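Coordinate analysis (summary)
So you can see what is in the structure, the chains are spelled out below.
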Amino acid sequence: MIETVSINKAINTQEVAVKEKHARTCILGTHHEKGAQTFWSVVNRLPLSSNAVLCWKFCHVFHKLLRDGHPNVLKDSLRYKNELSDMSRMWGHLSEGYGQLCSIYLKLLRTKMEYHTKNPRFAGNLQMSDRQLDEAGESDVNNFFQLTVEMFDYLECELNLFQTVFNSLDMSRSVSVTTAGQCRLAPLIQVILDCSHLYDYTVKLLFKLHSCLPADTLQGHRDRFMEQFTKLKDLFYRSSNLQYFKRLIQIPQLPENPPNFLRASALSEHISPVVVIPAEASSPDSEPVLEKDDLMDMDASQQNSYDSKFDDIFGSSSSSDPFNFNSQNGVNKDEKDHLIDQLYREISGLKAQLENMKTESHRAMLQLKGRISELEAELAEQQHLRQQAADDSEFQRAELDELKKKREDTEKAQRSLTEIERKAQANEQRYSKLKEKYSELVQNHADLLRKNAEVTKQVSVARQAQVDLEREKKELEDSLQRVSDQAQRKTQEQTEVLESLKQELATSKQELQIVQGSLESSAQSEAKWTAQIAELEKERGGLVEAMASREEELSTLRQQLEYTQIKLSSTEESVGRLAKDQRKMLLAESRRAAEQVVQEALRRFEEPALFSCAGSADHLLSKVRSVSSCIEQLEKCWSQYLACPEDISGLLHSVTLLAHLTSDTIVHGSTTCLRAPPEPADSLTEACKQYGRETLTYLSFLEEEGIVENADSTAMRSCLTRITAIGEELLPRGLDIKQEELGDLVDKEMAATSAAIETATARIEEMLSKSRAGDTGVKLEVNERILGSCTSLMQAIKVLIVASKELQREIVESGRGTASPKEFYAKNSRWTEGLISASKAVGWGATVMVDAADLVVQGRGKFEELMVCSHEIAASTAQLVAASKVKADKDSPNLAQLQQASRGVNQATAAVVASTISGKSQIEDTDSMDFSSMTLTQIKRQEMDSQVRVLELENELQKERQKLGELRKKHYELAGVAEGWEEGTEASPPTLQEAITEKE
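Chains are numbered independently. Their residues run from 1 in the order of the written sequence. Where local features are concerned, this predicted model is filtered to residues with pLDDT of at least 70; where side-chain atom pairs are given and counted, the filter is 80 or more; whole-chain, interface and lining totals use all residues. For side-chain calculations, the full set of non-hydrogen atoms in the structure is used, while hydrogens and water are omitted.

**Description of the nonpolar core**
One recurring pattern in soluble globular proteins: nonpolar side chains tend to sit buried together. Test applied: What is meant by a nonpolar core is a set of buried Ala, Val, Leu, Ile, Met, Phe, Trp, Tyr and Cys residues, joined one to another through side-chain atoms within 4.5 Å. Accessible area is worked out with a 1.4 Å probe on protein chains only. A residue is then buried under 20% of its type maximum, exposed over 50%, and partly exposed in between. By definition, any uninterrupted DSSP run of H or I lasting at least four residues is a helix, any uninterrupted run of E lasting at least two residues is a strand, and each is numbered from the N terminus. Contacts were defined at the residue level, with two residues in contact if any of their heavy atoms lie within 4.5 Å.
Ranked by size, the top nonpolar core spans 93 residues in total, and within it Ile11, Phe39, Phe58 and Phe122 carry the most contacts. Among the elements that make up this core, the one with the highest residue count is helix H11 (residues 188-210) (14 residues). With near-sequence residues (within four places) excluded, phenylalanine 39 lies in contact with Glu3, Ile7, Ile11, Glu33, Phe58, Val61, Phe62 and Leu65. With 46 residues, the next largest nonpolar core counts Ala796, Ile801, Ala888 and Leu898 among its residues.

**A look at a negative patch on the surface**
Heads up, the rule is: Patches were defined on residues exceeding 30% relative accessible area and lacking a salt bridge, with like-charge contacts within 9 Å and nonpolar side-chain contacts (Val, Leu, Ile, Met, Phe, Trp, Tyr) within 5 Å. Here the accessible surface of atoms and residues is derived via Shrake-Rupley with a 1.4 Å probe, and residues count as covered only by protein chains that are part of the display. Only one rule defines a salt bridge in this text: a Lys or Arg side-chain nitrogen within 4 Å of an Asp or Glu carboxyl oxygen. Just so you know, the count uses Lys and Arg for positive and Asp and Glu for negative, and it drops His and the chain ends. Think of each charge as sitting on NZ of Lys, CZ of Arg, CG of Asp or CD of Glu.
Taken together, the side chains of Asp334, Glu335, Asp337 and Asp341 make up a negatively charged region of the molecular surface. Checked against the element boundaries, glutamate 335 lands in helix H15 (residues 330-422). The class of glutamate 335 is exposed, set by a relative accessible area of 52%.

**Considerations on the confidence of the model for the protein chain**
Detailed reading of the predicted coordinates is not advisable wherever pLDDT falls low. Heads up, the rule is: Values of pLDDT, ranging from 0 to 100, describe the predictor's confidence in every residue of the model.
Confidence in the prediction of the protein chain, expressed as mean pLDDT, is 76, and 73% of residues score 70 or more. In the predicted structure, residues 977-1000 sits below a pLDDT of 50 and forms 45 contacts with residues beyond four places in sequence or in another chain.

**Here's the deal with the packing of aromatic side chains**
The relative placement of two aromatic rings is captured by the distance of their centres and the angle of their planes. Heads up, the rule is: Aromatic rings from Phe, Tyr and Trp, taking only the six-membered ring of Trp, are treated as a pair when their centres fall within 6.5 Å; an angle between ring planes under 30 degrees marks them as stacked, one over 60 as edge-to-face, and anything in between as tilted. Here, a charge over a ring means that NZ of Lys or CZ of Arg falls within 6 Å of the ring centre while also lying within 35 degrees of the ring normal.
Counting across every chain of the model gives 19 aromatic pairs. We note arginine 184 situated over the ring of tyrosine 98; from NZ or CZ to the ring centre the distance is 4.5 Å. Sitting over the ring of phenylalanine 144, lysine 208 keeps its end group 5.4 Å from the ring centre.

**Overview of the pattern of salt bridges**
Tallying each qualifying case throughout the model produces 25 salt bridges. A salt bridge links lysine 231 to glutamate 227, with the nearest nitrogen and oxygen atoms 3.6 Å apart. Here lysine 231 pairs with glutamate 227, and both are found in helix H12 (residues 219-240), just four residues apart, close to one helical turn. For lysine 231, a relative accessible area of 33% corresponds to the partly exposed category. Given a relative accessible area of 43%, glutamate 227 falls into the partly exposed group. Across the salt bridge formed by lysine 798 and glutamate 758, the nearest N and O atoms sit 3.5 Å from each other. Taken together, the residues lysine 798 in helix H23 (residues 777-815) and glutamate 758 in helix H22 (residues 742-774) connect sequence positions 40 residues apart. Overall, glutamate 758 belongs to the partly exposed group, its relative accessible area being 44%. Several salt bridges converge on common partners, so that one network encompasses Glu20, Arg24 and Lys64.

**Comments concerning unusual backbone geometry**
Of note in this structure, lysine 34 is not a glycine but carries a positive phi near 55 degrees. With respect to the helices, strands and loops of the structure, lysine 34 is situated in the loop between helix H2 (20-33) and helix H3 (37-43). Owing to a relative accessible area of 52%, lysine 34 belongs among the exposed residues under this scheme. Located in the positive-phi region is serine 139, a residue other than glycine, with phi close to 55 degrees. Along the chain, serine 139 falls in the loop between helix H8 (130-136) and helix H9 (141-167). Serine 139 gets classed as exposed once you look at its relative accessible area, which sits at 73%.

Rendered as structure tokens:
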């Protein structure tokens, strides 16, 4: 009953904050009944869909129950999740008042319920230790990755509500001291508590992910964290300045700069934000409030006490008292009234002093409470730092123990090495093991060097970004200073203009007064004007005579002007002839410079040693198209020059451009010949030379206007057509596939791969039958083990291909819309070519592995070839998986099935390698040498032969590694051309198969 009353008092239509005592009663009620049945039975009777304030206060109380109520509150509330979603959509249609606030708050509550349902290890208040956080991910990086994404979504909903509440308030007024403002701000205390924990856990999970995954993979996580970090820091700062929060909660401040996840040691610098709520802090509604009836009772009791004191001093005033003279004499009554008034005044003064003392004590108590909160926060921070120091000390102690253990292992290794030197019979075997360990160390050292280079590059990029940021900040400050200076100058100019206008106004007033005075005196000076008019008539006669003389001088000047114009026209004709000669000279000089550029290109064409790299046919074709466009532009500019000789700039530009494009075409033709077969290379060489000669002939005809009909570009165009035909023949085969045929080609390649796997399986069964029929003993056991692991690998590849087909079908169906599958493959041609390449690689790898296994079973092959083929198949299947999942939905069941099949292939590949190594060891043990019948001289001779053989093998190993590097480089170039990578880039990303092969 008490809980029902508290729920109704907490959730009402008044626009005031929820009283803390009512919310606390609701929370205690859930713990008493171990659930939220009573809460929902009362809430279901409230009109939440018709009153926005009522819905807002319901969200606040429900949020507090989810955080601090009984754990069964979440279970009892899940059945109402859809109703909350419907209510959120309904309130979302209102753009004013509490409508949008209720919609966003309901979305947050639904997200909170879903998160805690999916992650039951997290309590409602989100409090957990670092060890519990590690257990939540179950030591799986995929779980930590997904958990981080869910925390980002959770924190995004919290920040959205935070920002919406602040946007709905008028921050120009003190809204935090009004009841309406406190009603909106009160739920943000729960949001601040959630955000502090989510931010802390997100930072720790990102550091853990960066220790397990590459930095590029987590770029999206870092970008999203930076966005949320900026918002949360701003909102915490704005909240800490509101008067309403200062007494209820101590809001932490985030660091100035976000954590650097690329530096693992930065985790030790991270300080978890601690939100401190004072123990006695409560909302304003928790203070005692005196009702009207209480005041009336207090006044009555005080009056009775005053009457009793008066009767004690002066006696009773009852009418029945025989000594009561009040009715007989009015003087005593006046003295009593005066004394009563004096007592009332003294009592009022004492009350004021008492009230002042209470106010001062209350203020001092609040200050002490604030100081206690600050000291508690500092204590929590110091405890956190002490715990971090203890963890660092424990980590360093563990490292020291590990170093001691390594030193002991090193000493043991040295003692074992001394034992190996004493045993000459096992020298060769131990030596090979040491060589293998050395190779692994070299590879690890190379990997560490690459990682160090990547880290150094990232640090330099980060430093450059910081420098750019500081420079931009300084520029903004300078621009702000300039704007302020301009504004100050404009204000000063406007002030000066205003002063000048005032002065002009005063001057105008003075002039007006002067004019008025002159008008008054004009009547007096009329006689003077008459005399002046007579004098002016005399001056007019003199001016007429002067004008006659001026006309004679004007006629003389006109004659001189005509003579000057004749002389100017002759000068202009000579200047025109001179400009024409200069234009001819410019054209001749441009033509000679163009001829020198083309001749230099032809000279370099005769010296292939000058070219350091091979070109591509598609780049040559692009240059030919540019030259064809330039020839058309040159002919157009030549026609314009003949029509208007003054405009020569376009013609000079076209001649220069033609020369340089021709040079580029000849040079790229020469570089393309380095990669082309002999016959097309010879044809292309002759075509490029002929084109250069025709270009020189064409340029020689551009010197005079009279022979313009001889300047024909037909021969040049013919040479360009021939170069184009040869270049198209040299294009890689993968580039001439029509996009309409890509869909059919994908199905054909997948079918061919499946057929290759079936054939390989059948051959392995046949080889196994032959081995059982013809082999015995150790050889039969080795063959059965190797062929059995190969069969398991083929079965795993078949499962992978089936899963890949299902996923591709799902991708096509979900992405093509109304288009056909062929149109979808054509639209995504790059992805389609990747699938085709991966399918070919899988089928080819299976065929090669079966051939290698056949030779090993027959005793004519090498075990190392079989292991290399196994690694190649693993790389090919990994490329197929990567090409299939690049467009897949991350929650697709077919994708999960494909990933499971990929893990099966990796396990089967490992089994093939393990069985091969085991079989090799068994066969080598059977072929061990017999030293029993050998003399000391023979053993020494054998030892020298073995050392010679070791040196030879090391030399051959070095040569083979160089050869392998050249082969991989050539494979990289050919794969780049076949896949259509752009020419001219410094480096293109290698395929997944090459990356995995390089790692192996």
